[in-house]
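Residues per chain, in single letters:
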Amino acid sequence: MSSPTLEVKNLRTYFRTPAGAALAVDRVSFSIEKGATFALVGESGCGKTAAALSIMQLLPPAGYLAGGEIMLNGRNLTELSEAEKRDVRGKNVSMIFQEPMTSLNPVFTIGEQIVEAIRLHRKKDYNAAKEASIRMLSDVGLPGGASLFHEYPHRLSGGQRQRVMIAMALACKPDLLIADEPTTALDVTIQDEIIKLINKMKASTGASVLLITHNMALVYRNADTAAVMYAGKIVESAPAKGLFRRPMHPYTIKLLRSIPAQEKRGVPLDTIKGVVPPATSYPEGCRFSGRCPREMTGCAAVEPRLSEYDAGHVAACHLWDKEFMATGQSRPLETITDALAPITSPEGSDIDEGKTLEEGKTLLEVRGLKTYYPVSAGLFKRAAGYVKAVDGIALIVKKGATTALVGESGCGKTTAGKTIIRLRAPDAGEIIFKGTDVANFTGAQLKPMRSSMQMIFQDPYSALNPRLTIKATIEEGLKVLRPDMDASARVKKISATLKRVGITPEMMERYPHEFSGGQRQRIGIARALSVDPEFIICDEAISSQDVSIQAQILNLLKSIQRDSGISYLFITHDLGVVEYIADYVSVMFAGKIVEDGPVEEIFANPKHEYTRKLLSAVPRIDKELPPLWTLP
Amino acid sequence: MPVILSTDLIVYFVVSAALYFGLSARNDGRAREVWFEIRKNKLALASMCVLCLYGAAAMADSIRFRDALVDEKGAPVVSSDGAVLYSPQPLSLLDRALPGMRGNSEKTYSAPFSDRLFVKETMETPDGRVVRDYPLLKHPHDHALGTDRIGADILFTALKGVRTAIVIGTGATVVIIPFAIFFGVIAGYFGGFADDAVQYVYTTLASIPGVLLIVSFMLLFGSRGYQGGVVAAKDAVLAVFVPNDRLFWLCLILGITSWTDLCRLIRGETLKLREMDYVQASLAFGSSRMRVIYTHIVPNLMHLVLITFVLQFSGLVLAESVLSYIGIGVGPQTASWGNMINASRLELSREPVVWWNLLGAFVFMFALVLPANVFGDAVRDALDPRLRNR
């Protein structure tokens, strides 16, 4: 066996923060064989990107390497001088970033940028470098390289830019390519193409790939070896297929079980209690102690070693350590059966149970809805043309059921949502809500329907006014829509709603920045729920969240639906979520609905070409695997 | 007999607004939260004390009255119809508090803490010899910052300049902020025709050279009324109120020419805020536009307003000196740092250099602008809940 391309030993990276030194990467060791793909997976903040930046020796000023070796083809990168490091970057290691929109410089043509990347490391004259870069552009699937050479980045789509990034990264045939969430910001169909491209380029250049992602299915499909990171440490590492067949660490198991998928329909998703401890004060023993369902008396004090329990399969958990299990510290703290609790409403919430639901009746029907944006031109800004954002769509939402509106970014699904909830006026069509067409209602006429239709937004950071307390945020809707309520009745209502979404009512005087992203999303849900709506539009409501938080939010939304018979319109691009939660699905493409029907039917038998392409592009974990994910 | 200038009203307004916020911090509520935040910042507290001193000086210099004229025996002078006659020169509380500094003028320049004049004079000694030397001062070692060309104490002139600076800095801002917020928010939030109209106005204003506009405005309005110093009977309404104050017109035109920058900033920020999800959420509740603007847009603009206020404050004080230099600023009888800087233009080209007039203006201006910046930053941070509990 040849020596590995990259070998990382005991890497430790700290970040200086006002709260003290944060241990971002803690004694991480792994190696990548030549031509192999190694995946680092984990939730945000677990240290994946810090590890990648440490390898590139590109830590931000606040970060520093506290120890460890980074051997690239037998050369220790930590001992190089700054000039030598610069030489290594781009030539031996290169990196692709998450956000293709900001990783290219907008004032240079893409040709100039690739040529610069080549000439930094190869002694080539301009014409030779230009030829090489045009060849590179066609290699990454951008034909017409000669004309593209002179284009500026803004003329290219996100997917095309990511291809240019890959061309730049591979221009000098590096030994290692670090791909940090290379597809997260892209649409599903483009994600698929980019991953295929990375695999193709890897095969043709023989580079090793370090894939950093939070998408488990992507790892399952593409990685040779996968390592799960939690709180700065690798907690489990194994050949990718083996990891999914037999996950050993409780964290890995919980994480896998929280991914929404079709086979989990009707049952709640697994969630992990508590939050990741802050990097400035990790627990002494196992980092997962306090959140682990299988915690034993010694877990919080004794740190588990990363040991091999199967061929190539290492895990850091006492449960598999026979020596530890033989000691007196192995008494479990609590015995929980490995069954998921049914979806319930938390105790003490005043939502009355067993409301009679009139399921099956149509709550909302949209017919021929059109929303155009005028494109103005000329001195007097006359509309010169229209962008047909929503071009005659039809939708049905049934009482107590969930309809999903899927499609890629820019297909008009958000505009459709905003038009249905009448945040903007439609240009044509009917929006029949509870038997009344509200499409042409104005100001005062709309007011009665406002409390029955609400919206939950994508970005929990921009969804809450940073200068209002949580109480004031939720109270606003009550003040406007329930003028009959006095201040004390409003506070009562706010407490009840906060309790319903799992936020302690005592926190209502706090400001949004004092909450985590998941909590903010709950507050956003509480704001919508406070006026007792019958219908909620969830606009990508969970797509910016980590898997385990997604699971909590999905469970919450499902339990709310079960309790009070709310209907949802789920606007999303995540097909896993659709399979898990939706009853009906409408596939939107370029302003039009191309296919709709019950979820099972569409997913089993897609008729339209676009739906087929969409479904085949989604990376999936094989269906026979999830039943194997049981806690030891 | 009291005299109230229109610019005095600006000072009263600013001081009472400061008092109002100070008193409302005693009750529970927003102001108290902000005050607790500011209190943690030692530097801001020190700045606040300095600003309070300046405010007190400006206030003391804005309460003025005229004395009754008295004859040699101390009896009031009475006109032919029996009315008491008053001096045309109103004296403020500040003037009255520092009679020594006001009255101890010398012949001409003298260096700080010197006992002699700065220029040689031909003098006759008691024994009849004629010598040419630096004569002794009337008040030796008394002038901490020296005296100016006409022998007035520079420390006193600089102190009198505090009121002028505060009137211009705050008076122009009082004009700028409502204008800028109103038009900026309207343009940004409503867009369309309102946006076009507002942009048209401020582009037009910005394309006229500011100095030209100020000059013509000041020549039109500012050259007639009260110029500082002695109050003419024709300027006073009911013998008490002087509405036509040159300084007031200066504040007004400085405000009119400088609201456009802030307005542009506010328009841009509003355009961004308008699309925020929390604004959409509020609209989904059926909130009125006024409510959205009041609760979601304006509070999130305050950081821009405060930063611009603090930066413009120093800019406005400087603008006053530039305008005084070309003769359309405050009147020559009004003590102002701008006039002092203007005078030092000639003084610095002398040999040896007369540097203390400039130093006086510099020290006083610096000691006002720096704390204003520090305190403004502290207030902005205190208003932002995201920066609390750090």
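Residues numbered from 1 in each chain as written. Chains lettered and ligands numbered in written order. Predicted model: local features only at pLDDT ≥ 70, side-chain atom pairs only at ≥ 80, totals over all residues. Heavy atoms only, no water.

### A short note on the overall build of chain A
Stated formally: The numbering of helices and of strands both runs from the N terminus, where a helix is a DSSP run of H or I of at least 4 residues and a strand a run of E of at least 2. Here the radius of gyration uses the C-alpha set of atoms, whereas the globule reference equals 2.2 Å times the residue count to the power 0.38. Per-residue accessibility, obtained with a 1.4 Å probe over protein chains only, is compared with the maximum for each type, and a residue is labelled buried under 20%, exposed over 50%, and partly exposed between these values.
When helices and strands are tallied, chain A shows 20 helices and 22 strands. Rg of the C-alpha trace for chain A: 26 Å, near the compact-globule value of 26 Å for 632 residues, within the 12% margin. C-alpha extents for chain A along the principal axes are approximately 75 × 75 × 50 Å. Residue burial in chain A is summarised as follows: out of 632 residues, 55% are buried.

### Side note on unusual backbone geometry
Look at the link from Glu 351 of chain B to Pro 352 of chain B: it is a cis peptide, with omega at -5°. Along the chain, Pro 352 of chain B turns up in the loop between helix H13 (337-347) and helix H14 (356-383). Even without being glycine, Lys 434 of chain A reaches a positive phi, approximately 50°. In this fold, Lys 434 of chain A is placed in the loop between strand S16 (428-433) and strand S17 (436-437). The phi torsion at Glu 540 of chain A lies on the positive side, around 50°, for a residue other than glycine. Taking relative accessible area as the criterion, Glu 540 of chain A reaches 7% and is therefore assigned buried.

### A look at the sheet that holds strand S1 (residues 2-5) of chain B
Residue and element names in this part refer to chain B. Applicable threshold: Strands pair, by our definition, only if DSSP identifies at least two bridges between them. Contacts are residue-level and defined by heavy atoms, with any inter-residue pair within 4.5 Å sufficient. Axis lines are fitted through C-alpha atoms, for helices just across the contact stretch, and the angle between N-to-C directions can take any value from 0 to 180 degrees.
As summarised here, the arrangement of the four strands in space is S3-S2-S1-S6, forming an open sheet in which the pairing is mixed. In the strand order of this sheet, the two ends are held by strand S3 (91-92) and strand S6 (241-242), each with one partner. Sheet strands in contact with helix H1 (residues 6-24) are S1, strand S2 (64-65) and S6, and its direction is about 80° off that of S1.

### A look at the interface of chain A and chain B
Filter applied, for reference: Summed over both partners, the accessible area (1.4 Å probe) lost when two parts come together is defined as the buried area. Definition used for salt bridges: Asp or Glu carboxyl oxygen within 4 Å of a side-chain nitrogen of Lys or Arg.
The partner chain B presents 26 residues to the 29 residues of chain A that form the contact. Taking both sides of the interface into account, the surface hidden between chain A and chain B amounts to around 2,400 Å²; carbon and sulfur atoms contribute 54%. Linking chain A with chain B are two salt bridges, by the criterion used here. Between Glu 476 of chain A and Arg 291 of chain B there is a salt bridge, with the nearest N and O atoms lying 3.8 Å from each other.

### With respect to a nonpolar patch on the surface
Residue and element names in this part refer to chain B. Short version of the rule: Surface patches are drawn from residues lacking salt bridges whose relative accessible area is over 30%; two like charges belong together within 9 Å, two nonpolar side chains (Val, Leu, Ile, Met, Phe, Trp, Tyr) within 5 Å. Computed by Shrake-Rupley with a 1.4 Å probe, the accessible areas treat only the displayed protein chains as cover when residues are assessed.
A cluster of nonpolar side chains, Leu 348, Val 353, Trp 355, Leu 359, Phe 362, Val 363, Phe 366 and Leu 370, forms an exposed patch at the surface whose accessible area comes to about 710 Å². Locating Leu 359 in the fold gives a position in helix H14. The exposure class assigned to Leu 359 is partly exposed, which follows from its relative accessible area of 34%.

### Concerning the nonpolar core
This is how the line gets drawn: The set of buried Ala, Val, Leu, Ile, Met, Phe, Trp, Tyr and Cys residues whose side-chain atoms join them within 4.5 Å is what this entry labels a nonpolar core.
Among the nonpolar cores identified, the biggest contains 64 residues, and Ile 96, Val 164, Ile 166, Met 216, Phe 244, Tyr 251 and Ile 621 of chain A are the most heavily contacted of them. One finds Leu 269, Leu 464, Ile 566 and Val 618 of chain A within the second-largest nonpolar core, a separate group that totals 55 residues.

### Quick word on the pattern of salt bridges
Residues and elements named next belong to chain A. Across all of its chains, the model carries 42 salt bridges over all chains by this definition. Of the charged contacts, one joins Lys 48 and Glu 181 as a salt bridge, the two residues approaching to 4.0 Å between their closest N and O atoms. Of the two residues, Lys 48 sits in helix H1 (residues 48-56) while Glu 181 sits in the loop between strand S7 (176-180) and helix H7 (188-205), which places them 133 residues apart along the sequence. Between Arg 620 and Glu 579 there is a salt bridge whose closest N-O contact spans 3.2 Å. Remark: Glu 579 occurs in helix H18 (residues 575-581) and Arg 620 occurs in the segment after helix H20 (609-617); sequence separation between them is 41 residues.

### What about empty space enclosed by the protein?
With a probe scaled to a water molecule rolled over the atoms, the places where space remains empty come into view. Residue and element names in this part refer to chain A. Which entries qualify depends on this criterion: Definitions used throughout: a 1 Å grid over protein atoms alone; a cavity as a set of points that fits a 1.4 Å probe which cannot get out; a pocket as an open set with protein on both sides within 12 Å along at least five of seven lines; a lining residue as one with an atom within 4 Å of a point. Grid points are joined across faces, edges and corners, and a volume is the space filled by probe spheres set on the points. For this classification, the nonpolar set comprises Ala, Val, Leu, Ile, Met, Phe, Trp, Tyr, Cys and Pro, the charged set comprises Asp, Glu, Lys and Arg, and every other residue, Gly included, is treated as polar.
Applying the stated criterion across every chain yields a total of six cavities of 30 Å³ or more. Each pocket or cavity is described by its volume, and for the largest cavity that value is around 70 Å³. Around the largest cavity, the lining is made up of 13 residues, and of these Pro 250, Cys 286, Cys 292, Cys 299 and Cys 317 lie nearest the centre. Of the residues in the lining of the largest cavity, the class split is eight nonpolar, three polar and two charged.

### Quick look at the packing of aromatic side chains
Keep this limit in mind: Each Phe, Tyr or Trp ring, with Trp reduced to its six-membered ring, pairs with another whose centre is within 6.5 Å; inter-plane angles below 30 degrees give stacked pairs, above 60 give edge-to-face pairs, and intermediate values give tilted ones. Any Lys NZ or Arg CZ found within 6 Å of a ring centre and within 35 degrees of that ring's normal is scored as a charge over the ring.
According to the stated counting rule, one finds 26 aromatic pairs over all chains in the structure shown. Both rings, one in Tyr 54 of chain B and one in Trp 337 of chain B, keep their centres 6.5 Å apart while their planes meet at 85°; by these two values the pair is edge-to-face. One end of the pair, Tyr 54 of chain B, is in helix H3 (residues 42-60); the other, Trp 337 of chain B, is in helix H13, with 283 residues separating them in the sequence. Summarising the aromatic geometry, the rings of Trp 355 of chain B and Trp 356 of chain B are spaced 5.3 Å apart at their centres and angled 80° between planes, so their arrangement reads as edge-to-face. Put simply, the rings of Phe 179, Phe 182, Phe 183 and Trp 259 of chain B pair up and form one aromatic cluster. Stacked on the ring of Tyr 220 of chain A, the Lys or Arg Lys 241 of chain A has its end atom at 5.1 Å from the ring centre.

### Remarks on the side chain of Glu 269 of chain B
Looking at the element boundaries, Glu 269 of chain B is found in helix H9 (residues 246-274). In this structure Glu 269 of chain B comes out as buried when scored by relative accessible area, which is 17%.

### Remarks on H20 of chain A
Residue and element names in this part refer to chain A. To keep it simple, the criterion reads: The arc in question is traced by the directions running from the helix axis to the C-beta atoms.
What H20 keeps buried is the set Tyr 610, Thr 611, Leu 614, Leu 615 and Ala 617. The buried residues of H20 occupy one face: seen down the axis, they fall within an arc of 165°. When the buried face of H20 is taken as reference, the exposed residues oriented beyond 90 degrees from it are Glu 609 and Ser 616. Lining the buried residues of H20 we find H7, H18, strand S21 (584-589), strand S22 (592-598) and helix H19 (599-604).

### Here we look at the sheet that holds strand S18 (residues 453-456) of chain A
All names here are of chain A. The strand order across the open sheet formed by six strands is S18-S19-S20-S15-S21-S22, and the pairing between neighbours is mixed. Edge positions in the sheet fall to S18 and S22, since each of these pairs with one other strand and no more. Adjacent strand axes in the sheet meet at a mean angle of 15°, parallel and antiparallel pairs treated alike. Where strand S15 (residues 402-406) lies against S21, four bridges are found, and the strand directions are parallel. Each bridged residue has a counterpart across the sheet, and for Leu 405 the counterpart in S21 is Ser 586. The strands that helix H17 (residues 547-564) touches are S15, S18, strand S19 (535-539) and strand S20 (567-572); relative to S20, the one it contacts most, it runs at about 155°.

### Re the side chain of Glu 579 of chain A
Operational definition: Polar contact is the term for a pair of N or O atoms within 3.5 Å; when the atoms are in protein, one must be able to donate a hydrogen and the other to accept it, and sequence-neighboring residues count only if both atoms are side-chain atoms.
What makes Glu 579 of chain A buried here is its relative accessible area of 6%. Separated by 3.2 Å, the side chains of Glu 579 of chain A and Arg 620 of chain A make a polar contact.

### Describing the confidence of the model for chain B
All names here are of chain B. Which entries qualify depends on this criterion: For every residue, the predictor reports its confidence as pLDDT, a number between 0 and 100.
Within chain B, residue pLDDT values average 84, and 98% of them lie at 70 or more. By mean pLDDT, the top-scoring element of chain B is H3 (91), and the lowest-scoring one is helix H5 (residues 99-103) (75). Predicted complex, confidence summary: ipTM 0.78, pTM 0.81.

### Side note on a positive patch on the surface
All names here are of chain A. Cut-off, in case you're wondering: We treat Lys and Arg as the positive residues and Asp and Glu as the negative residues; His and chain ends play no part in the count. By convention, the point assigned to a charge is CZ for Arg, NZ for Lys, CD for Glu and CG for Asp.
On the surface, a cluster of positive charge is made up of Arg 122, Lys 124, Arg 135 and Lys 173. Relative to the helices and strands, Lys 124 is located in the loop between helix H3 (110-121) and helix H4 (126-139). Look at Lys 124 and you get partly exposed, because its relative accessible area is 31%.

### Here we look at helix H13 (residues 443-450) of chain A
Along H13 of chain A, the residues that are buried comprise Leu 446, Met 449 and Arg 450 of chain A. When H13 of chain A is viewed along its axis, its buried side chains cluster within an angular range of 105° and face the same direction. In H13 of chain A, the exposed residues that point more than 90 degrees away from the buried face are Ala 444 and Pro 448 of chain A. The elements touched by buried residues of H13 of chain A are S18 and helix H14 (470-481) of chain A together with helix H10 (277-284) of chain B.

### Considerations on the pairing of strand S1 (residues 6-17) of chain A
Residue and element names in this part refer to chain A. Taken together, the eight bridges between S1 and strand S4 (residues 63-72) define a ladder with antiparallel strand orientation. Residue pairing in the sheet places Val 8 in a bridge with Ile 70 of S4. Pairing between S1 and strand S2 (residues 20-32): nine bridges, direction antiparallel. What sits directly across from Phe 15, in S2, is Ala 22. Hairpin remark: S1 followed by S2, antiparallel, with two residues in the connecting loop.

### A few points about the packing of helix H6 (residues 158-170) of chain A against H7 of chain A
All names here are of chain A. Formally: Note on angle classes: values under 35 degrees are labelled roughly parallel, values over 145 roughly antiparallel, values of 65 to 115 roughly perpendicular, and the remainder oblique. Note: crossing handedness is left-handed where the near helix turns anticlockwise from the far helix by less than a right angle, and right-handed where it turns clockwise.
Interaxial distance between H6 and H7 falls to 10 Å at its minimum, and their mutual angle equals 15°. In terms of orientation, H6 and H7 fall into the roughly parallel class. By crossing handedness, the relation of H6 to H7 is classed as right-handed. Every residue of H7 that contacts H6 at Gly 159, Gln 162, Arg 163, Ile 166 and Leu 170 is listed here: Ile 190, Glu 193, Ile 194, Leu 197, Ile 198 and Met 201. Classifying every residue of the contact of H6 with H7 by side-chain character gives seven nonpolar, two polar and two charged.

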